[in-house]
Protein chains: 2
Amino acid sequence: MESKNIVTSDNACVLQEILKVIGGKWSMSIVYILFSGTHRFSQLEKSIPHINTRMLIKELKTLASFDIVSRKVYATVPPTVEYTLTEKGKMLKPIIDDIYEWGKVNM
Amino acid sequence: MESKNIVTSDNACVLQEILKVIGGKWSMSIVYILFSGTHRFSQLEKSIPHINTRMLIKELKTLASFDIVSRKVYATVPPTVEYTLTEKGKMLKPIIDDIYEWGKVNM
DNA sequence: TATAGTACTTACACATTTGTATGTCTTATT
DNA sequence: AATAAGACATACAAATGTGTAAGTACTATA
């Protein structure tokens, strides 16, 4: 079952879908933070320098829609929301570790 | 030397630099093709469905500027140009393999 | 003389992503 | 009565990315 190193419509599609998840400016930073465990919205905001509210919201929404992170809402006042990586999200770890490794060696 | 899972300005920068390389719509497809060896411009164009000239040129230029691919020009008529992955480029293989793997399992 | 082949370049326009600023909701505190 | 806290939403603008169409250079071939 060797790959033939041809970019077909199929695997190009897969690549481009994945870029929707990890290709954004902030996605990998968010996922990286969540590797260390559940975080609240405000904690994420503090942990990621220079991100703004709108972007954090938007990325979390995207990540949730791809089932990379899960949201848990507590009906407190003011509201509390926790974000946690799903199993699918946790499986991104080798990719992001590799990327970091590559970056450290090559940049 | 455990990482502390904090996105600093430094490592966020690394992530964002890497996205300039692998974050474009076509970059990973090009690199993927080049894993199988040196290709000419026209071969790349044929191997990657739906890419257009301008985008291929532009991505190759970016990849070359990051020293991911190298260009070799032959003074023939019409001109011949060969593109090959550099060592740095070849080191992207585990990343892209992981991404594919993740995609196959999760999408 | 016209056309084809190869590797581009340029100008323009449309689309998507990102950023900035401000507003909303509910209740407790000053 | 005004303010703060937490997690958003909304409107708008600026910045980037992507696509389309056409053109360039040189020479061999029909």
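As the structure is a prediction and not an experimental result, all values here were calculated from the model.

**Considering the protein's contact with DNA strand D**
Reasoning step 1: Around DNA strand D, the structure places 21 residues, and the nearest of them are A:Ile57, A:Arg71, A:Tyr83, B:Lys25 and B:Arg54.
Reasoning step 2: At a separation of 3.3 Å, a phosphate oxygen of DNA strand D approaches a polar backbone atom of A:Val81.
Reasoning step 3: Contact distances for DNA strand D include 2.6 Å between a phosphate oxygen and a side-chain N or O atom of B:Lys25.
Reasoning step 4: Listed by contribution, the elements that provide at least two residues to the surface near DNA strand D are α3 (41-47), α4 (53-65) and β3 (80-85) of chain A together with α4 (53-65) of chain B.
Reasoning step 5: Looking at the surface near DNA strand D residue by residue, the class counts come to 9 nonpolar, 4 polar and 8 charged.

**Remarks on the packing of helix α1 (residues 9-22) of chain A against helix α2 (residues 27-34) of chain B**
Reasoning step 1: At a closest axis distance of 9 Å, the pairing of α1(A) and α2(B) adopts a crossing angle of 135°. When the axes of α1(A) and α2(B) are compared, the pair comes out oblique. Of the two possible hands of crossing, α1(A) and α2(B) adopt the one that is right-handed. Side by side, α1(A) and α2(B) meet where A:Asn11, A:Ala12, A:Leu15 and A:Leu19 of the first sit next to B:Met28, B:Ser29 and B:Tyr32 of the second.

**Some details on the UniProt feature "domain: HTH hxlR-type" (unreviewed entry) in chain A**
Reasoning step 1: The positions that UniProt labels "domain: HTH hxlR-type" (unreviewed entry) are, in the present scheme, residues 13-107 of chain A.
Reasoning step 2: The annotated region residues 13-107 of chain A carries 59% helix and 15% strand content, and the separation between its end C-alpha atoms amounts to 28 Å.

**Overview of the nonpolar core**
Reasoning step 1: In this structure, A:Ile68 and B:Ile68 are the most contacted members of the largest nonpolar core, which totals 67 residues.
Reasoning step 2: Dropping the residues within four chain positions of it, B:Ile68 is found in contact with A:Trp102, B:Val21, B:Val31, B:Leu63, B:Thr84, B:Leu85, B:Thr86, B:Lys88, B:Gly89 and B:Leu92.

What counts and how
- Residues numbered from 1 in each chain as written.
- Chains lettered and ligands numbered in written order.
- Predicted model: local features only at pLDDT ≥ 70, side-chain atom pairs only at ≥ 80, totals over all residues.
- Heavy atoms only, no water.
- Near = heavy atom within 4 Å.
- Polar contact = N/O pair within 3.5 Å; in protein donor to acceptor, adjacent residues only side chain to side chain.
- Helix = DSSP H or I, 4+ residues; strand = E, 2+ residues; numbered from the N terminus.
- Nonpolar A, V, L, I, M, F, W, Y, C, P; charged D, E, K, R; others polar.
- Axes fitted to C-alpha atoms, helices over the stretch in contact; angles between N-to-C directions.
- Parallel < 35°, antiparallel > 145°, perpendicular 65-115°, else oblique.
- Left-handed = near helix turned anticlockwise from the far one by under 90°.
- Contact = heavy atoms within 4.5 Å.
- UniProt positions renumbered as here; feature names shortened; annotations may be inferred.
- Core = buried A, V, L, I, M, F, W, Y, C linked by side-chain atoms within 4.5 Å.
- Buried < 20%, exposed > 50% of the residue type's maximum accessible area, 1.4 Å probe, protein only.

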